[in-house]
Amino acid sequence: MSLTTFLQQCLTGISLGGAYALIAIGYTLVYGILRLINFAHGDIFMMAGYFMIFAMASLPWFIAVPLVLLVTVLLGVSIERVAYRPLRTAPRMSVMISAIGVSYLLQNLATYLFTALPKGYPEIPFLKKIFQIGGLSASFVTFLTPVLTLIIVYVLIVLINKTKIGMAMRAVSKDYDTAALMGIKINRVITFTFAVGSLLAAVGSVLYFTDRMTVFPFSGSLPGLKCFVAAVFGGIGSIPGAVIGGFILGLGETALVALGYSTFSDAFTFVLLIIILLIKPTGLFGEKTTDKV
Amino acid sequence: MLKIENLRVNYGGIEAVKGISFEVPDNSIVTLIGANGAGKSTTLRAIVGLVKPAEGSSITLAGEELIGVDTPDIVKKGISLVPEGRHVFPDMTVIENIKIGAYLRKDSLDADIDWVYTLFPRLKERSWQLAGTLSGGEQQMLAVARALMSHPKILMMDEPSLGLAPLIVKDIFSIIKEISKQGVTVLLIEQNANMALHTADIGYVLETGTITLSGTGKELLADESVKAAYLGKSK
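Remember, predicted model here, so these are calculated numbers, not experimental data.

A. The sheet that holds strand S1 (residues 2–11) of chain B, seen in detail. Residue and element names in this part refer to chain B. The strand order S2-S1-S4-S5 describes an open sheet built from four strands, whose pairing is antiparallel. Since the sheet does not close on itself, it has two edges, and those belong to strand S2 (14–24) and strand S5 (64–65), each with one partner. The pairing of strand S4 (residues 58–61) with S5 spans two bridges and is antiparallel. The partner of Leu61 across the bridge, within S5, is Glu64. Helix-sheet contacts for helix H1 (residues 40–47) involve S1, S2 and S4, and the interaxial angle to S1 is about 115°.

Given below as structure tokens:
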């Protein structure tokens, strides 16, 4: 394999990894606050794909994209309101089953509304423009994805560590009752968390589907599952963990494809999951529990 | 004035608090003493809205009903609770813990941060340390400092002396007196009846969910049944 091919594959892998990272953050954020695996997250990502198809049918991209982000955020927040909030005091298993229910609901709703046939994803012209750097050539979106991912992650980390709402998120993730005693409205923080998670899923969806070109009702399930694995690999609850998990997954999958084992590229994810669960079940940056009395 | 009337709280089928009534006058130190399971913590948690009292209970602050109000809004009205076991945020620094206590405020915090650091100089030294690495006594001080940052009219403390060395317990109680002098009403629950009654203006004895005795701190200290049950002195 020549150096150029190698770099070319790395670029593809990093780009795929960036999109995975954005979705994985959604899992990790919600888990951090609610201790809930939001199984509907991948399907929110899929719905964002459909929203984009319809928005682009009649609007220019610079209006369509913000609109899609907004509608996806509303979808994520409403799911929390309708399917998770009423179960706030229920056992965690009930909420998880509710999440699985929402996931199937969205998939079937999409099948019912948009049919199961893949629909073409609209092109945003400048994203598809081919760029050449040395011997490397790729569409602009391939370069943009990892850069945008890193910028978003940076902003998110600043938000969580330096702002008031970030402080509230950290407090709520530790202890609901004590957070409430500080005057923090728990439900508001949870809504905000779902909004951020869904926003990132929508951004990830634009980047991911621009490269894949079609959306169908189950396009969210495998990426969703993979990103969940990325989040677990990095240590669920940890944002840097989810990002690194996403990139490793993207690079690993692309490497297998490049080496000619594309049949196994999906299996890579799950082998990785098994290995990390065996060796370090809390993931790379898993929460260490410091209990002190 | 905080007024509790006929407060009843049920957990599952068990009645933890069985219709208690008491008052916390402004600028006083009031203590509830009693053994484990007497319903002391439940009473405080009901006041801040963390547990839901049964029908017919009433908790009023200056005439305003608090039952049914969400915890953050009760905090906004000026009641602050230092929970049992401190519950500082272990992954936040000392200064962050102090700032989060003022979550509802939008004005400048500098003067108040100085104020709590004067009350607890130890915390100032450890400002940038993670709260989880502090000793038990320091965590208790931090929990009190954090609660004070919301400018409460009433500061409620759940077993502030629990698990602390006697010398530190003395410190904590002298700070409670100091806070009270600065115009904050204090509602204190304690198993350390001796310290609590020496500090308090008014005391109530809680036994299995009912108030069995009440009086000034001095009266209760002199009471034979209190002496026998809580102060370890035989008749």
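Further notes follow.
B. Seen up close, the packing of aromatic side chains. All told, the structure shown has 16 aromatic pairs over all chains when counted by the stated rule. A centroid spacing of 4.8 Å and a plane angle of 45° characterise the contact between Trp61 of chain A and Phe126 of chain A, whose relative ring orientation is tilted. Separated by 65 residues along the polypeptide, Trp61 of chain A in helix H3 (residues 61–84) and Phe126 of chain A in helix H5 (residues 125–128) bring together distant segments of the chain. We classify Trp61 of chain A as partly exposed; its relative accessible area is 34%. The ring of Tyr103 of chain B carries the charged tip of Lys164 of chain A above its face, separated from the ring centre by 5.3 Å.

C. How the structure looks around the pattern of salt bridges. Taken as a whole and assessed by the stated rule, the structure comprises 16 salt bridges over all chains. A salt bridge links Arg170 of chain A to Glu96 of chain B; the shortest N-O distance between them is 2.9 Å. In this pair, Arg170 of chain A sits in helix H7 (residues 164–174) while Glu96 of chain B sits in helix H3 (residues 94–100), so the two residues belong to two different chains. Neither residue differs from the other here; Arg170 of chain A and Glu96 of chain B are each classed as buried. A salt bridge links Lys174 of chain A to Asp91 of chain B; the nearest nitrogen and oxygen atoms lie 3.0 Å apart. Of the two residues, Lys174 of chain A is situated in helix H7 and Asp91 of chain B in the loop between strand S6 (79–82) and H3; the pairing between them involves two chains. For Lys174 of chain A, a relative accessible area of 35% puts it in the partly exposed group. Judged by its relative accessible area of 40%, Asp91 of chain B is partly exposed.

D. Region of the structure containing the environment of Asp175 of chain A. Here Asp175 of chain A lies in the loop between H7 and helix H8 (176–181). Relative accessible area serves as the criterion here: at 18%, Asp175 of chain A is assigned to the buried category. On a C-alpha basis, the gap between Asp175 of chain A and Ile33 of chain A in space is 9.3 Å, while along the polypeptide they are 142 residues apart. With residues near it in sequence (within four places) discarded, Asp175 of chain A still touches His87 and Phe89 of chain B. A distance of 2.9 Å separates polar atoms of two side chains, one belonging to Asp175 of chain A and the other to His87 of chain B.

E. Seen up close, the confidence of the model for chain B. Summing up the model confidence of chain B, the mean pLDDT is 92 and the portion of residues at 70 or higher is 99%. For this predicted complex, the interface score ipTM comes out at 0.92, while the overall pTM is 0.91.

Criteria and cut-off values
- Residues numbered from 1 in each chain as written.
- Chains lettered and ligands numbered in written order.
- Predicted model: local features only at pLDDT ≥ 70, side-chain atom pairs only at ≥ 80, totals over all residues.
- Heavy atoms only, no water.
- Pairing = 2+ DSSP bridges.
- Helix = DSSP H or I, 4+ residues; strand = E, 2+ residues; numbered from the N terminus.
- Contact = heavy atoms within 4.5 Å.
- Axes fitted to C-alpha atoms, helices over the stretch in contact; angles between N-to-C directions.
- Phe/Tyr/Trp six-rings, centres within 6.5 Å; stacked < 30°, edge-to-face > 60°.
- Buried < 20%, exposed > 50% of the residue type's maximum accessible area, 1.4 Å probe, protein only.
- Lys NZ or Arg CZ within 6 Å of the ring centre and 35° of its normal.
- Salt bridge = Lys/Arg side-chain N within 4 Å of Asp/Glu carboxyl O.
- Polar contact = N/O pair within 3.5 Å; in protein donor to acceptor, adjacent residues only side chain to side chain.
- pLDDT = per-residue confidence, 0-100.

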